[in-house]
Structures are given as C-alpha cells and as structure tokens.
Amino acid sequence: MKGQSMSDIKILVATHKKFYRPENPLIFQVQVGSALADHHIEGILHDDEGENISKKNRSYCELTAQYWAWKNLQADYYGFFHYRRYMSFKQYFPVTNGKIQQKRWTPYLEADSLEKDLSPYDLDEMHMRHVIEQYDVITVLSEHMDVTAYEQFGQFHRIRDLDRAIAILKEIHPEQAAACDAYMQSKYIYFCNMYIMKREYFYAYMNWLFPVLEKFESQTDFSGYSDKEKRVTGYIAERLFGVYYTWLKQQGSAKCAEVPYVIFHQNVREFQLGKKGPRIKVDMRKVNQLIPAGTMRRRMVRRLLRKEL
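Everything numeric in this text was worked out from a predicted model, so none of it was measured.

Calculation criteria
- Residues numbered from 1 in each chain as written.
- Predicted model: local features only at pLDDT ≥ 70, side-chain atom pairs only at ≥ 80, totals over all residues.
- Heavy atoms only, no water.
- Helix = DSSP H or I, 4+ residues; strand = E, 2+ residues; numbered from the N terminus.
- Buried < 20%, exposed > 50% of the residue type's maximum accessible area, 1.4 Å probe, protein only.
- Contact = heavy atoms within 4.5 Å.
- Patch = residues over 30% accessible without salt bridge, like charges linked within 9 Å, V, L, I, M, F, W, Y side chains within 5 Å.
- Areas by Shrake-Rupley, 256 points an atom, 1.4 Å probe, with all protein chains shown as cover.
- Salt bridge = Lys/Arg side-chain N within 4 Å of Asp/Glu carboxyl O.
- Axes fitted to C-alpha atoms, helices over the stretch in contact; angles between N-to-C directions.
- Parallel < 35°, antiparallel > 145°, perpendicular 65-115°, else oblique.
- Left-handed = near helix turned anticlockwise from the far one by under 90°.
- Core = buried A, V, L, I, M, F, W, Y, C linked by side-chain atoms within 4.5 Å.
- Phe/Tyr/Trp six-rings, centres within 6.5 Å; stacked < 30°, edge-to-face > 60°.
- Lys NZ or Arg CZ within 6 Å of the ring centre and 35° of its normal.
- Polar contact = N/O pair within 3.5 Å; in protein donor to acceptor, adjacent residues only side chain to side chain.

**Student:** Residue-level account of the side chain of Thr246, with values.
**Tutor:** With respect to the helices and strands, Thr246 occurs in helix 8 (residues 232–251). Residue Thr246 is classed as buried on the basis of its relative accessible area, which comes to 13%. Excluding anything up to four places from it in sequence, Thr246 contacts Ala179 and Tyr183.

Below, the structure is given as structure tokens:
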C-alpha cells in the first residue's frame, strides 16, 4: 500500500443502541431511526442528518442507513453490516459465469462477542482491503433452503405483499423479469441486506431500489398490520436485493464475490419441543458443527421439525 493512494472504504454498521465497535478505520456505526429515538447515541453517525428517511425506520429497517449513505456520504466503496452481523474475510468466493464454483459452503458462523479475538474472520483493515478492492460487489453467501425464495417469504410474511412488489418491479424494469423469476424460484437465498459495492454500483442499486419501494408503499394499506408486519418494506428489499444481484451476475460485467458472515451473540439458545413440549437449552456452535448451515442435513432437520410443529 505504501506509495499508492488507498480507496476510501466506508462500512456502516446499523445499530439502534450503544454497542461495541472493533478498532478499524473502515468501520463506522450509524444509529438507524435516529429521528424516532429519544436521544442520539454519542460518538457515532446518525441517519436523521442531511437528506434522510430516518422516520421510516420502523418499516424500512436498516435501509434508512443505506439511503442516508447514498445521499450524504462520499466514498469509493459503500458497505453495510448489522451491529451483531459482520462479514468474514477469511474466505472469499469469486463469482464465475454467474455462480461460485464451490459445491457446498457454510453461509454463516457464530461467535460469542465482537470484543474477543477477531483474527478467525480477518476483520482488520489490511485483510478487508485486500478482498474489497478486488471486486465491484461483495455480498454474503446464499443459504440453501428446502423451499424457494418465494415460498420462504410466504412462511413468515403476507405473500400478497411480495406479489405486489414483484408486479411493480416487472412494470418498472421489464428487462429484469426473467432474473426476478429465476431468483424467486431458486432455493439459494441471500439474507441480511448486507453488501459492499463500488460507488457506481451502489448508486445504480439505490436508484433502482427506492423507486420500487416507494411505489410499493403507495399501493399498500398498512392499517391492519402489526408493528412487526409493518417492517415488511425492509423484508421486501431483502428479496429485491437477491433479484438485483441475480440480474447483475447475469450481465457478467461486474466482478462479484461472496463471503460468509458472522453472527455475534450468546450461542446458548432456548427452544421449545413441539407446541406444548419442554423447553431445552442448545449450544448452537455444537449444532452447527454437527449440521452446518446450508447443508442437506440442516434442511432435513428443518423439514422434520416443521412437520413435528
């Protein structure tokens, strides 16, 4: 790096509360929904400064940070993490002819805390720069599910909302209808709304995404929605990213790569067996070693549990 100018890389970490940030000049925390909060968190960025949609955070979720960065932040690369979800740069998988060549992969890892040793994930400036500056677009590895992207949305949300968004997308961008259908019928799903893009790709994506979301909102009656259901615009955007990324790969002009992501949380989680069964505590690290995310074994267990429930 000595003797050459370095790219201006800004990775924004969306958060709604004070949370540990590793010492890294590429990583910046941004308080999402700042306009709705009772106070600004000191020492970090806020999504209600300058041109913003901070007041829409309850429906747009982390997208208020992406909009804020688009309108107010200058960088060569724009990236977006969550306060408990970071990309890992230890392994990266180039996209060749529209797909990564590995047969199987683990889409995410789990760790206890950001405050512990991060060397297993290469979350330092040198390693991050090495990966980021090779590509135009980097996103998380897809998760291989036992249902399609379209069906998976319907398991947790109102499917008519996704139908409406798809119709709007195809109306505005008919040239992307085939990519939309291909992604919605795929069982490889991109979660989290996490990515890193070179400036021109980021601007193009923002100019593509928000008109679709704005039209979706204008055509949706949210009056009967619960607070959780009102977050549907963010969930719709998560699926739209998969469509846009699929289309981008089909074009073949962008250099793309995919990486695992890390979930930082306490790994002992509590589950209930059946509707009335006992609650048990499970160390998810051991579960993930036995049945890694994205494997056939994981999908079979998920399918069996769904039948049981």
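Now that the structure has been shown, the text picks up again.
**Student:** How would you summarise a nonpolar patch on the surface if you had to cite specific residues and measurements?
**Tutor:** Together, Phe271, Leu273 and Ile280 make up a nonpolar patch on the protein surface, roughly 230 Å² of accessible area in all. One can find Leu273 in the loop between strand 15 (268–272) and strand 16 (279–283). Looking at Leu273, the relative accessible area reads 43%, which means it is partly exposed.

**Student:** How would you sum up the packing of helix 6 (residues 177–184) against helix 8? Please name residues and give values.
**Tutor:** Viewed as axis vectors pointing N to C, helix 6 and helix 8 meet at an angle of 120°, and their least axial separation amounts to 8 Å. As judged from the angle between their axes, helix 6 and helix 8 are oblique. In the packing of helix 6 onto helix 8, the handedness of the crossing is right-handed. Of the residues in helix 8, those in contact with Ala179, Cys180, Ala182, Tyr183 and Met184 of helix 6 are Arg239, Gly242, Val243, Thr246, Trp247 and Gln250.

**Student:** Please set out the nonpolar core residue by residue, giving values where relevant.
**Tutor:** Ranked by size, the top nonpolar core spans 97 residues in total, and within it Leu209 and Phe210 carry the most contacts. Here the element with the most residues in this core is helix 8; it accounts for 11 residues. Ignoring anything within four residues of it in the chain, the contact list for Phe210 reads Ile53, Tyr60, Leu63, Tyr67 and Trp70.

**Student:** Kindly report on the side chain of Lys249, identifying the contributing residues and their values.
**Tutor:** In this structure, Lys249 sits in helix 8. Not counting residues within four places of it along the chain, the set of residues in contact with Lys249 comprises Val95, Gly98, Tyr190 and Glu258.

**Student:** Could you give me a rundown of the packing of aromatic side chains, with the residues and numbers involved?
**Tutor:** Counted under the stated rule, the structure contains 29 aromatic pairs. In this arrangement the basic side chain of Lys255 is found over the ring face of Tyr135, its NZ or CZ atom lying 5.7 Å from the centre.

**Student:** How would you sum up the environment of Thr148? Please name residues and give values.
**Tutor:** Structurally, Thr148 is set in the loop between strand 10 (143–144) and helix 4 (149–156). Expressed as a C-alpha distance, the spacing of Thr148 and Gln185, which sit 37 residues apart in the sequence, is 5.2 Å. With near-sequence residues (within four places) excluded, Thr148 lies in contact with Met184, Gln185, Ser186, Lys187 and Ile189. Among the polar contacts listed, one links the side chain of Thr148 to the backbone oxygen of Met184, at a separation of 3.5 Å.

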